[in-house]
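# An overview of the molecular structure
Chain by chain, the residues run as shown.
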Amino acid sequence: MPALAEWPDWPEFIASDVPPHEEEQYKEYKRQIVKEYGEENIRKAWLKTCEDLKSITLELSKRGSSVIPELQFSEVQDLSEEKVKELKRIGCFVIRGVISPAEATAQFERLKQYVSENGDSLYAWPANNPSVYRLFWSPTQQALRAHPNQLLVQRILNGFWHDATQTTSPDPLTYADAVRIRPPGKPFYGLGPHIDAGSLCRWTDAGYRKVYDSIFSGFPEEFDAYNLATRKDADQAAFEGSAHSTVFRSFQGWTALTGTRPREGSLLLYPYVGTVIAYMLLRPFFTPPKEDIMDASRWTLDLDNGWFPGTHKEDSQYLSRGSHPHLRLEECLVHIPEMDPGDTIWWHCDMCHAVEVEHSGQHDASVAYIAATPTTPVNVRYIKSQLERFLAGMPPADFPGGINETNLKGYLGERGIPNGKAGRDAMGFHLLKTPEAPTVA
Ligand SMILES: [Fe+2]
């Protein structure tokens, strides 16, 4: 499967849109980083990263979706070291059959019934094509999130990360997110190429910047995208914005409730997470030449503008063809493979992704957003608050303005949490017993 046949009309970030009153502050953010790491190192990193992108973009443009590894659920407990290394380097993969097709389909029917019975009370966006339901505690979501197979996969994926400080663990926590039922036919432009987990804070928050130390130091090839010892301290929500998740998700993910082929309202990913995030981080420091923009050596390090292309502090980090040309997004943003009900797709929290604009299928494309969320001090705090809000009938703090779901027909509350103690632990019930988050051995 090649990349997009036709590039959608997504926003291009080709001219500075920094608010004038913030220009000086934004310039200062850049100056601080250059002061800390040195011009030469930033330039060295830029050239190395652009060079590395040449082979990556060549491979992606040739191989397309086949770069995305596909595994069966039965394989995940027995992955070789070499396989894990490959999955980590690419940073995204499909795990099939985490939920059986029959069970996933039954859960989809249950969800549709729940939505139709409560339709007048529900909120979904976008307004012209309601697809993403701000529902967090439907019986379907509860059943899927804490399904034994789901928690097992999440634990394994959390374990792809390492933490020398030993203040975290791969024990999965349940991050309650929304659910999508996207009808066919209507285009959806809302989620062009972007990276979640904050935007400007990757440069401005000292803890977050530390994650990318090797990149700014001139050694992007040494960047370890799976170091939880530093990542756990990154403040993804340093700037207020409804797009930012407070929790750290080792992998974002969704679980398919319906079968979906490419171009049927599915997902696009840009594999090889480490190089792409390095490029995105270095790009704001450079100004393109008038000609030959693909020649990275002709770009000049420029600290006299405050523009971070595609960066708006309240929103996720966006990328575009014009602002990030070396990514060759048109050729390298690839469709995920065909998904069956119960299959899952996972992508690293630093990975560029987009939602397909077109849905040319014949039926609804439905997914539950279910991520892998490890136990970290920040996550424990959030999950504890999420649980308190759940018990009080309120939506999670990352999704303000929702409805009280306890009034919905078919709402199960605590009774809807499956999988006994494991399911309840993922929801954080064990955390309510202690005033402070427990230290993880
Ligand atoms: Fe996203």
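Residues numbered from 1 in each chain as written. Predicted model: local features only at pLDDT ≥ 70, side-chain atom pairs only at ≥ 80, totals over all residues.

Judged by nonpolar contacts, the single largest core of 110 residues is most densely connected at L269, V276, A278, L282, I345, W346 and M351. For this core, the element with the highest residue contribution is helix α11 (residues 273–282), accounting for eight residues. Residue contacts for L269: discarding those within four places in its chain leaves I68, C92, V334, I336, W347, M351 and H353. (Core = buried A, V, L, I, M, F, W, Y, C linked by C-beta atoms within 7 Å. Buried ≥ 20, exposed ≤ 12 C-beta atoms within 10 Å, placed from the backbone. Helix = DSSP H or I, 4+ residues; strand = E, 2+ residues; numbered from the N terminus. Contact = placed C-beta atoms within 7 Å.)

When two helices pack together, their arrangement is given by the angle between the helix axes and the distance between those axes. The geometry of helix α2 (residues 39–63) relative to α11 is characterised by a closest axis approach of 9 Å and an angle of 140° between their N-to-C directions. Here α2 lies oblique to α11, going by the angle between them. Where α2 crosses over α11, the handedness of that crossing is left-handed. Contact residues: I42, A45, W46, T49, D52, L53 and I56 in α2; T275, A278, Y279 and L282 in α11. Along the lines of polarity and charge, the residues of the contact of α2 with α11 split into eight nonpolar, two polar and one charged. (Axes fitted to C-alpha atoms, helices over the stretch in contact; angles between N-to-C directions. Parallel < 35°, antiparallel > 145°, perpendicular 65-115°, else oblique. Left-handed = near helix turned anticlockwise from the far one by under 90°. Nonpolar A, V, L, I, M, F, W, Y, C, P; charged D, E, K, R; others polar.)

Another aspect to go through is the confidence of the model for the chain. Here the chain shows a mean pLDDT of 94. Residues at 70 or above account for 98%. For the stretch residues 437–441, pLDDT sits under 50, and the model shows 10 contacts to residues farther than four places along the chain or on other chains. (pLDDT = per-residue confidence, 0-100.)

Glancing now at helix α6 (residues 148–158). Every buried residue of α6 is listed here: Q150, L151, V153, Q154, L157 and N158. Viewed along the axis of α6, the buried residues span an arc of 160°, placing them on a single side of the element. Tucked inside the fold, the buried residues of α6 contact β2 (92–96), α5 (139–145), β7 (251–256), β13 (344–348) and α14 (420–427). (Arc of directions from axis to C-beta.)

Another aspect to go through is the pairing of β7. In terms of burial, β7 is a largely internal element, six of the six residues being buried. Residue alternation in β7 divides its side chains into two sets, F251, G253 and T255 and Q252, W254 and A256, and both sets are buried. Pairing geometry for β7 and β13, over five bridges, is antiparallel. Along β13, the bridge assignment pairs G253 with W346. (Pairing = 2+ DSSP bridges.)

This part covers unusual backbone geometry. The peptide bond linking W125 to P126 adopts the cis configuration, its omega dihedral lying at -5°. For P126, the location among the structural elements is in the loop between β3 (124–125) and β4 (132–133). Non-glycine residue A197 carries a positive phi angle of around 70°. Following the sequence through the fold, A197 ends up in the loop between β6 (194–195) and α7 (201–204). Using a count of 24 C-beta atoms within 10 Å as the deciding quantity, one classes A197 as buried. In this structure, N419 is a non-glycine residue whose phi angle is positive, near 75°. Assignment of secondary structure puts N419 in the loop between α13 (377–391) and α14.

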